[in-house]
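Observations on the three-dimensional arrangement
In case you want the letters, here they are:
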Amino acid sequence: MEEIKQQLAADLAAAKSAADIENIRIKYLGKKGLVTNAAKSANFGAMSVEEKKQFGQKLNDLKNFATESIAQAAEKAKSAAPAKKKNAIDLTMPGEPSTIGSLHPVTLVQMELESIFQGMGFMVYTGPECEEEFFNFDAVNIPSDHPAREMQDTYWMTNGRLMRTHTSANQVRTMRKFGAPLKAIFPGRCFRNEATDACHENTFYQCEGLMIDKNISVANLIAVMKTALSEIFRRDVKVRLRPGFFPFVEPGFELDLNCLICGGEGCPTCKNSGWLELIPCGLVHPNVLRFGGIDPEEYSGFAFGVGLTRLAMMKYGIRDIRLLNDGDCRFLQQFPVIV
Ligand code: PHE
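Model, not experiment: these values are computed from the prediction. (Residues numbered from 1 in each chain as written. Predicted model: local features only at pLDDT ≥ 70, side-chain atom pairs only at ≥ 80, totals over all residues. Heavy atoms only, no water.)

A few points about the domain arrangement of the protein chain
With domains assigned, the protein chain is organised as domain 1 (2-80) and domain 2 (105-332). On a C-alpha basis, the centroid separation for the pair domain 1 and domain 2 is 89 Å. (Domains from an automatic or database assignment.)

Considerations on empty space enclosed by the protein
Across all of its chains, the model carries one cavity of 30 Å³ or more by this definition. There is about 50 Å³ of room inside the largest cavity. In this structure, the largest cavity is lined by L113, F117, M225, A228, L229, I232, I279, V306 and L311. Of all the secondary structure elements, the ones that give two or more residues to the lining of the largest cavity are helix 4 (105-119) and helix 8 (218-233). When residues in the lining of the largest cavity are grouped by element, the largest group, four residues, is from helix 8. When its residues are assigned to classes, the lining of the largest cavity shows nine nonpolar, no polar and no charged. (1 Å grid on protein atoms, 1.4 Å probe; cavity = no way out; pocket = protein on both sides within 12 Å on 5 of 7 lines; lining within 4 Å. Points joined across faces, edges and corners; volume = space filled by probe spheres on them. Helix = DSSP H or I, 4+ residues; strand = E, 2+ residues; numbered from the N terminus. Nonpolar A, V, L, I, M, F, W, Y, C, P; charged D, E, K, R; others polar.)

Concerning the packing of aromatic side chains
All chains considered together, the criterion is met by eleven aromatic pairs. An angle of 80° between the planes, with centres 5.6 Å apart, marks the rings of F134 and F291 as edge-to-face. Residue F134 is located in helix 5 (residues 133-136), and its partner F291 is located in helix 9 (residues 286-291); the two are separated by 157 residues in the primary sequence. Exposure remark for F291: the relative accessible area of 31% places this residue in the partly exposed category. Consider the rings of F331 and F335, whose centres lie 5.5 Å apart with planes at 65°: the pair is edge-to-face. Here the two residues F331 and F335 agree in accessibility, since each one is buried. (Phe/Tyr/Trp six-rings, centres within 6.5 Å; stacked < 30°, edge-to-face > 60°. Buried < 20%, exposed > 50% of the residue type's maximum accessible area, 1.4 Å probe, protein only.)

A few points about the sheet that holds strand 10 (residues 300-307)
Taken in spatial order, the seven strands of this open sheet run 2-5-6-10-9-8-7, and their pairing is mixed. Of all strands in the sheet, those with a lone pairing partner are strand 2 (123-124) and strand 7 (239-243), marking the two edges. Examined bridge by bridge, strand 7 and strand 8 (residues 249-258) share five bridges and lie antiparallel to one another. When the bridges of strand 8 are listed, R242 appears paired with E254. Its contacts with the sheet place helix 10 (residues 308-316) against strand 5 (182-191), strand 6 (203-213), strand 8, strand 9 (275-284) and strand 10, and it is angled at close to 55° to strand 10. (Pairing = 2+ DSSP bridges. Contact = heavy atoms within 4.5 Å. Axes fitted to C-alpha atoms, helices over the stretch in contact; angles between N-to-C directions.)

Re the packing of helix 1 (residues 2-14) against helix 3 (residues 49-80)
When two helices pack together, their arrangement is given by the angle between the helix axes and the distance between those axes. Direction vectors running N to C along helix 1 and helix 3 enclose 5°, while the axes themselves pass 11 Å from each other. In terms of their interaxial angle, helix 1 and helix 3 are classed as roughly parallel. In contact with I4, K5, L8 and L12 of helix 1, helix 3 contributes L62, F65, A66, S69, I70 and A73. Here the residues of the contact of helix 1 with helix 3 are counted per class, giving eight nonpolar, one polar and one charged. (Parallel < 35°, antiparallel > 145°, perpendicular 65-115°, else oblique.)

Let's talk about the site of the ligand
Every one of the 13 residues lining the ligand counts as a neighbour, but H166, S168, R192, Q206 and F248 are closest to it. For the ligand, a nitrogen atom lies 3.0 Å from a polar atom in the side chain of H166. The side chain of R192 places a nitrogen or oxygen atom 2.9 Å from an oxygen atom of the ligand. Notes on the ligand: free accessible area 330 Å², of which the protein chains cover 93%. Mapped onto the shell around the ligand, the elements with two or more residues apiece are strand 6, strand 9 and strand 10. (Near = heavy atom within 4 Å. Polar contact = N/O pair within 3.5 Å; in protein donor to acceptor, adjacent residues only side chain to side chain. Areas by Shrake-Rupley, 256 points an atom, 1.4 Å probe, with all protein chains shown as cover.)

Here's what the structure looks like:
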């Protein structure tokens, strides 16, 4: 009986779970258990009355000891295990992702640009889509007899206004409103009377940028463009400037981006040139500064016009511009907002 007691104590010490303890209970106190059957090994015939009494006493002690120590161990195991209530919520579980609809790919790129430029101290200004002829054309050095007007087939309103053909219309608007120095971007919708195909739309988005201060040079332009593009494409980008003509900048440039697909080796995306034509830009023409009430002897500035639509197409690999204005839910749902 002493052996059984020791063995039981060792078994209980090794038990790890409530199930282990239940097995121990069966092993010792079950119908064929070691304690239950301990009396069987005794040779009662050879015992005196006194001896039988003592044996019975010990057997009872063993049973009591076994019952009590097993019950205690079971109680301990129960309180150690976490209580599993029905429908209990585990607050540490990560939530299930859910969506609250989609944001248009152009909106996504616009929001990203806004935060990048706001980080560099630029303000965001939008201006009217239905614009005065003066701000869209004359103020940016495109008088009515200028051939550049023909490059931008214009939707004219019956009241003499027009649907702005570019966000450059905001250049003189903001110069007059805020004066110099000035750092602003103007994201927004523009309109041109164009035949549509995979690369052309009559409604598209631009994001103009304007920085005016003392001693602004092409170096500032390149630095700002490189910083912004590296953030958008999340890598260090290489850019180059080629001469380009726009009446409101002098000198004017086309800023090219080293092809992101082939790294400059040449591929179908960059038409084997290694470069992607991306951002028209330049230093603000003195005439434009004058229209804005800013003295070109004292201040200079740069301006650029990012094609937001084109940028969104490049960033998300969208091949047909018309998808952006179709309102097809199957297309839009590919840009879910995850909260
Ligand atoms: N407004 C020009 C366009 O729409 C782009 C541009 C903006 C060029 C700023 C130079 C500077 O084509």
